[in-house]
2 protein chains.
Amino acid sequence: MPLTRSATMADVARLAGVSVSTVSRTLSGTRAVDPAMQRKVTEAAEQLGYQVNLVGRALRQTRTSTVGLVVPDLENPYFSALAQQLSRAFSDPGIDLLVFSADGSLETEARGVRSFLGRQVDALVLIPVHEQLSEASVSAAAAAVHTIQLDRQVAGTAASYVGVSNRAGMRLVHEHVSSVVDLSAQPVVYVGAKPDSSSAHERLDGIRRWFSPETPTLLGDFSAAWGREAAARILADGWTGATIITAADVIALGVLAHLLHQGRSVPAEFRVIGFDGIGAAALAHPSLTTVRQPVEKMARSIRSLIDSDDKPSSHWFKPDLVLGATSPASRM
Amino acid sequence: MPLTRSATMADVARLAGVSVSTVSRTLSGTRAVDPAMQRKVTEAAEQLGYQVNLVGRALRQTRTSTVGLVVPDLENPYFSALAQQLSRAFSDPGIDLLVFSADGSLETEARGVRSFLGRQVDALVLIPVHEQLSEASVSAAAAAVHTIQLDRQVAGTAASYVGVSNRAGMRLVHEHVSSVVDLSAQPVVYVGAKPDSSSAHERLDGIRRWFSPETPTLLGDFSAAWGREAAARILADGWTGATIITAADVIALGVLAHLLHQGRSVPAEFRVIGFDGIGAAALAHPSLTTVRQPVEKMARSIRSLIDSDDKPSSHWFKPDLVLGATSPASRM
DNA sequence: CTGTTAGCGCATTCAT
DNA sequence: ATGAATGCGCTAACAG
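Because the structure is predicted, anything quoted here is derived from the model rather than measured. (Residues numbered from 1 in each chain as written. Chains lettered and ligands numbered in written order. Predicted model: local features only at pLDDT ≥ 70, side-chain atom pairs only at ≥ 80, totals over all residues. Heavy atoms only, no water.)

**A look at the overall build of chain A**
Using the following cut-off: Secondary structure elements are taken from DSSP: a helix is a run of H or I of four residues or more, a strand is a run of E of two residues or more, and numbering for both begins at the N terminus. Atoms counted for the radius of gyration: C-alpha only. Globule rule: 2.2 Å times the number of residues to the power 0.38. Residue burial is assigned from relative accessible area. The probe radius is 1.4 Å, only protein chains are included, and a residue is buried under 20% of its type maximum, exposed over 50%, and partly exposed in between. Note on contacts: a residue pair is in contact if any heavy atoms of the two residues lie within 4.5 Å. In short, Shrake-Rupley with a 1.4 Å probe defines the accessible areas, and a residue's cover is counted only from the protein chains shown.
When helices and strands are tallied, chain A shows 13 helices and 12 strands. Taking 332 residues into account, the globule formula puts the C-alpha radius of gyration at 20 Å, and chain A, at 25 Å, lies well above it. Among the 332 residues that make up chain A, the fraction classed as buried is 54%. Considering only contacts within chain A whose residues lie at least 6 apart along the sequence, 71% involve residues at least 24 apart. Only carbon and sulfur atoms are counted for the fraction: they give 52% of the accessible area of chain A, which is about 13,900 Å².

**What about the pairing of strand 9 (residues 270-273) of chain A?**
This is how it is decided: Crossovers are marked right-handed if the path from the first strand over the helix to the second runs clockwise, as seen with the strands pointing away from the viewer.
Where burial is concerned, the two faces of strand 9 of chain A agree: the one with Phe270 and Val272 of chain A and the one with Arg271 and Ile273 of chain A are both buried. Viewed along the sheet, the connection from strand 8 (residues 242-246) of chain A through helix 11 (residues 249-261) of chain A into strand 9 of chain A turns out right-handed.

**What about the pairing of strand 8 of chain A?**
When a strand is regular, its side chains alternate between the sheet's two faces. Residues and elements named next belong to chain A. For clarity, the threshold we go by: When DSSP locates at least two bridges between a pair of strands, those strands are taken to pair.
Here strand 8 lies mainly inside the structure; five of its five residues are buried. The side-chain alternation of strand 8 yields two buried faces, one formed by Ala242, Ile244 and Thr246 and the other by Thr243 and Ile245. Pairing geometry for strand 6 (residues 188-193) and strand 8, over four bridges, is parallel. The residue of strand 8 that forms the bridge with valine 191 is threonine 246.

**Comments concerning the relation of the copies chain A and chain B**
Quick reminder of the rule: Superposition of the copies was done by least squares, using only C-alpha atoms of residues whose pLDDT is at least 70 in both.
For the pair chain A and chain B, the superposition axis carries a translation of 0.1 Å, the fit reaches an RMSD of 0.1 Å, and the rotation angle comes to 180°. What we have between these two chains is a two-fold relation. By C-alpha distance to the rotation axis, the residue of chain A lying nearest is valine 99 of chain A, at 2.4 Å. Comparing interface residues between copies, 100% of those in chain A also sit at the interface in chain B, which points to an isologous, same-surface contact.

**A closer look at helix 11 (residues 249-261) of chain B**
Residues and elements named next belong to chain B. Our working rule: Here, expected helix span is obtained from the residue count minus one, scaled by 1.5 Å.
Between its first and last C-alpha atoms helix 11 spans 18 Å; for 13 residues at 1.5 Å apiece the expected length is 18 Å, and the two agree. Three or more residues of helix 11 are buried, namely Asp249, Val250, Ile251, Ala252, Leu253, Gly254, Val255, Leu256, Ala257, His258, Leu259 and Leu260. Among the residues trailing helix 11, glycine 263 stands out with phi positive, at a value near 80°.

**Some words on the domain arrangement of chain A**
All names here are of chain A. Worth spelling out the cut-off: Domain borders in the structure are assigned automatically or taken from a domain database. Accessible area, probed at 1.4 Å, shrinks when two parts are joined; the buried area is that loss added up over both. The salt bridge definition used is simple: a Lys or Arg side-chain nitrogen within 4 Å of an Asp or Glu carboxyl oxygen. Polar contacts, as counted here, are pairs of nitrogen or oxygen atoms within 3.5 Å of one another; within protein the pair requires one atom able to donate a hydrogen and one able to accept it, and residues that are adjacent in sequence qualify only if both atoms are side-chain atoms. Polar here means any residue other than Ala, Val, Leu, Ile, Met, Phe, Trp, Tyr, Cys and Pro, which are nonpolar, and Asp, Glu, Lys and Arg, which are charged; Gly is therefore polar.
What the domain assignment lists for chain A is domain 1 (9-52), domain 2 (65-164 + 296-317) and domain 3 (166-293). The gap between the C-alpha centroids of domain 2 and domain 3 is 28 Å. Counting residues at the interface gives 11 residues for domain 2, matched by 15 residues for domain 3. Summed over both sides, the interface of domain 2 with domain 3 buries roughly 1,200 Å², with 48% coming from carbon and sulfur. Of all residues in domain 2, Tyr78, Glu131 and Val164 give up the largest surface area on contact with domain 3, accounting jointly for 45% of the area buried on that side. Joining domain 2 to domain 3, the criterion identifies zero salt bridges. At the boundary of domain 2 and domain 3, one finds five residue pairs in polar contact (both at pLDDT 80 or more). Grouping the amino acids of the side of domain 2 that touches domain 3 by side-chain chemistry returns five nonpolar, three polar and three charged.

This is the structure we're talking about:
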């Protein structure tokens, strides 16, 4: 409900009795301006409630001082943590981070990318929905603008990548589990996600690599609902004890909730291991043992990648293990 | 890393041997164009990989088909649920929802609002950080564009409001608690948030209104860390049992985690009640009794408010109670 | 240090 | 149905 057409630089210039250039120079501070005129301009702008029109500026400069972030889903706490940390990495004025949710859909993801490209963002950060099917979106982005894939990647695109070494994460899990559980006596089950995303893919690979190749595996999606369902299946199959390793904390929380609601004990009968290190892992009871990703470091790394726009490059960070109470503290 | 300057309508027109007007009309479909030319234009656009420049379009049309959302913090699961549901409400192509996180800061919130206004968004949705101190931002927004406050409001601004009746929510809590707990024998403690936001304010009012005015009250912020700290204080004060009502699920989850880690039993010794109805409430063990907000309905309501831009109006939704296991199922 | 001029890319007149 | 011309608001290049 704009009460009136909003003021432009021409309006300010007229009121201040100067040229639009002087208004522009005064307000954007790009060049020295006589203090007397400066005052006149500032007052006129104040009086008219002038606000710069960034669309005009962007068209002229062919830059927008904007970075776009496309996430698959904001309700997934790991993605919202990434979005929040990235926002924080852009907290100094100068560049605005804008977030678009793909709502789990490839079409919506494509729309988000098109939208940001059309808006002429200076860089685009993308958590691809799918390891193969997001290829068109990632390539389109990379062809137009500095593009960084976060957490997940589509292979073979001209985009940078920032993420964690998922296989190393699973190695940490193996080290820990094998030191506190007798793997020859206690079965391991992996509750993962279908390898539609590189992270799901790599975590599954990690399991196959570090644990026995015959490790039973249940694959679904990155959700607590899937964790509950998987736990239900495990119980229905007659398991009375196991070490359940999951592909994500949200899955682990679903598994844990179901086990506890069914009266099973953790970690005595079942052990549960998460991945990501979201805040909710520490809130569970028992608290969740999980692989923590250095989200803050990753966000800062993206920031510096964008500031110095070099050629595409890949950055793998090392995760660390957070010991919780869903795994035993010492050899059982 | 744009390999080359990207193609403009002039480039497409040249290649197709037509005027830019024809290109514009063909690609935006605003007017009838001869099928033969249409084909030529489409082919040329395809060949050049033409992508419309929305900045140019926006400057010309003085509209952007964009709605901005400014949230205080994306890591708060209630806000990210709102952001996600609102994204979904704008899932049909036509209007893009862009999200900006204020990172809990009034300055950053102001920057987000200025940024969206400068980008000429068609409407702005705002979850104000502070009940009084966000006044400047809300007013600036409302003066320039159709503005809707969500979940929290600054009183006396020319902006619409969509939220839940917090007092009614606390009334539901009172009804439930008084029916399953003997309030004359079992103390009630409120773990709330400082009344810096209208929601915190109204929930505290609700407690004072429906429960005894002498109800002990601990006020902090909307975080799990605060919930843990409050629970620690309650135990340190020597309480051995109480019904703990909280201002938010995240607080309740922190309270619950601390109580359980300290070996207290819920709901036998302590009862815990949340507010918001986020997904994690159902994952807790015991599952959290909470007041659920109709987030999806609220998001749709905002969408229709924006589509039909009438005068500012307020919309209070009715919450409902979700029974969990942190409160007894029947009279204790 | 200031003003004049031009043009970023597009949609929309106004002519034809 | 098409093309030529105009201008959205701004900054940068150029003269002075």
